[in-house]
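Take a look at the letters that make up each chain.
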Amino acid sequence: MALLEVLHFPDSRLRKKAVPVENVDENCHALAKDMLETMYANRGIGLAATQVNIQKCLVVIDLSEDKNESMCLINPEILSSEGTEESQEGCLSVPEYYEMVTRAEKIKYRYMDLNGEVIEDDADGLLAICIQHEIDHLDGKLFIDYLSPMKRQRLRKKLDKQEKFQVPVL
Ligand code: GNR
Ligand code: NI
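Description of the structure in this document. What you see as residue numbers is a count from 1 along each chain, following the sequence as written. Naming scheme: in the order in which they are written, chains are lettered from A and ligands are numbered from 1. Reporting of local features is limited, given that this is a predicted model, to residues whose pLDDT is at least 70; pairs of side-chain atoms are given and counted only at 80 or more, and all residues count toward the totals for whole chains, interfaces and linings. Side-chain figures throughout are based on the complete set of non-hydrogen atoms in the structure, without hydrogens or water.

Surrounding ligand 1, one finds 13 residues, the nearest of these being Ile45, Gln51, Leu92, Glu134 and His137. A 3.5 Å cut-off defines polar contacts: any pair of N or O atoms within that distance qualifies, except that in protein one atom must be a possible hydrogen donor and the other a possible acceptor, and neighbouring residues in sequence count only when both atoms are side-chain atoms. Within the backbone of isoleucine 45, a nitrogen or oxygen atom sits 3.0 Å from an oxygen atom of ligand 1. Accessible areas in this description were obtained via Shrake-Rupley with a 1.4 Å probe; residue shielding takes into account the shown protein chains only. For ligand 1, whose free accessible area comes to 380 Å², the fraction covered by protein is 90%. A cavity here means a set of 1 Å grid points, computed over protein atoms only, where a 1.4 Å probe fits but cannot escape. A pocket is an open set with protein on both sides within 12 Å along at least 5 of 7 lines, and lining residues have an atom within 4 Å of a point. The way we define it, a molecule is inside a pocket or cavity when more than half of its atoms are within 2 Å of that pocket's grid points. More than half of the atoms of ligand 1 fall within 2 Å of the grid points belonging to the largest pocket. Put simply, the parts of the chain that give the shell around ligand 1 at least two residues each are strand 3 (71-91) and helix 2 (125-138). Three classes are used, and their members are as follows: Ala, Val, Leu, Ile, Met, Phe, Trp, Tyr, Cys and Pro are nonpolar, Asp, Glu, Lys and Arg are charged, and the others, Gly among them, are polar. For the shell around ligand 1, the per-class residue count stands at 4 nonpolar, 7 polar and 2 charged. Here, proximity means that at least one heavy atom of the residue falls within 4 Å of the molecule or strand. To qualify as a helix, a DSSP run of H or I must reach at least 4 residues; to qualify as a strand, a run of E must reach at least 2; elements of each kind are numbered from the N terminus.

Below you can see the structure in the form of structure tokens.
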């Protein structure tokens, strides 16, 4: 049992690219377990290993109300996508900021589960959005990368107000 530290923007480690998992071993199982625990503790619906400073292609998701339908996606990839849909997103690595993002509406995706079984499936709605959001993390991308310059400016101002992001002027 371990809660992991979630990196916050603008930490440059969020920009690192994850490396595919070669063996679904005990390490993988332990990491997935800690990531799920961390995700639940932070009230997230998804978490990518990149967010806890581990550069491996591993994602956990649980969209259920009762938090008892966890999925672990190892080496997830999007095979095809269809349509577009705009929805409000948030991210545990960008706390207390929510903005509209346009993504594919439907996706076909492939991943390996914790048994090492390759699974292909379709997703739409929140699951499709979440999978796209998490795969972006593995590529070093954040949802705020999609913001218009105006919205980005607004986020910058909000962060500037937070003491921890202020650069001391000498
Ligand atoms: O908890 C989360 N909620 C969420 C809402 C809309 C779109 C994506 C997400 S994922 C986010 C958790 C997170 O940061 N995962 O990387
Ligand atoms: Ni996120």
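Structure's up, so let's keep going.
Working definition of a nonpolar core: buried Ala, Val, Leu, Ile, Met, Phe, Trp, Tyr and Cys residues. They are joined through side-chain atoms within 4.5 Å. Using a 1.4 Å probe on the protein chains alone, a residue whose accessible area is under 20% of its type maximum counts as buried, one over 50% counts as exposed, and one in between counts as partly exposed. In this structure, Ile61, Leu73, Ile107, Tyr109, Ala123 and Ile131 are the most contacted members of the largest nonpolar core, which totals 17 residues. Of all the secondary-structure elements, those providing two or more residues to this core are strand 2 (58-61), strand 4 (94-112) and helix 2. The biggest single contributor to this core is helix 2, with 6 residues. Note on contacts: a residue pair is in contact if any heavy atoms of the two residues lie within 4.5 Å. The residues contacting isoleucine 131, other than those within four sequence positions of it, are Ile61, Leu73, Ile107, Tyr109 and Ala123. Membership of the second largest hydrophobic core comes to 16 residues, among which are Cys28, Leu31, Leu47 and Cys72.

Moving on, we get to the coordination of the nickel ion (ligand 2). As a benchmark, a tetrahedral metal site with four donors has ideal angles of 109.5 degrees, while an octahedral site with six donors has ideal angles of 90 or 180 degrees. Every protein donor of the nickel ion (ligand 2) is listed here as Cys91 (SG), His133 (NE2) and His137 (NE2), and their distances to the metal cover 2.1 to 2.3 Å. Counting along the primary sequence, the residues that act as donors to the nickel ion (ligand 2) give the motif C-x41-H-x3-H. Here histidine 137 lies in helix 2 and cysteine 91 lies in strand 3, a separation of 46 residues in the sequence. The same class applies to cysteine 91 as to histidine 137, namely buried. Shown as donors are all N, O and S atoms within 2.8 Å of a metal ion, widened to 3.2 Å for Na, K and Ca; because water is not in the atom set, sites may appear incomplete.

On to a nonpolar patch on the surface. Together, Ile45, Leu63 and Leu126 make up a nonpolar patch on the protein surface, roughly 230 Å² of accessible area in all. Relative to the helices and strands, isoleucine 45 resides in the loop between helix 1 (26-41) and strand 1 (46-48). The exposure class assigned to isoleucine 45 is partly exposed, which follows from its relative accessible area of 34%. Patch membership requires over 30% relative accessible area and the absence of a salt bridge. Like charges are linked within 9 Å, and nonpolar side chains (Val, Leu, Ile, Met, Phe, Trp, Tyr) within 5 Å. We define a salt bridge as a side-chain nitrogen of Lys or Arg found within 4 Å of a carboxyl oxygen belonging to Asp or Glu.

Right, let's talk about the layout of surface pockets for a bit. Grid points are joined across faces, edges and corners, and a volume is the space filled by probe spheres set on the points. Volume-wise, the largest pocket comes out at about 480 Å³. In terms of lining residues, the largest pocket is bounded by 25 residues, among which Gly44, Ile45, Gly90, Cys91 and Leu92 are the most central. Elements that contribute at least two residues to the lining of the largest pocket include exactly strand 3, strand 4 and helix 2. Split by residue class, the lining of the largest pocket holds 11 nonpolar, 10 polar and 4 charged.

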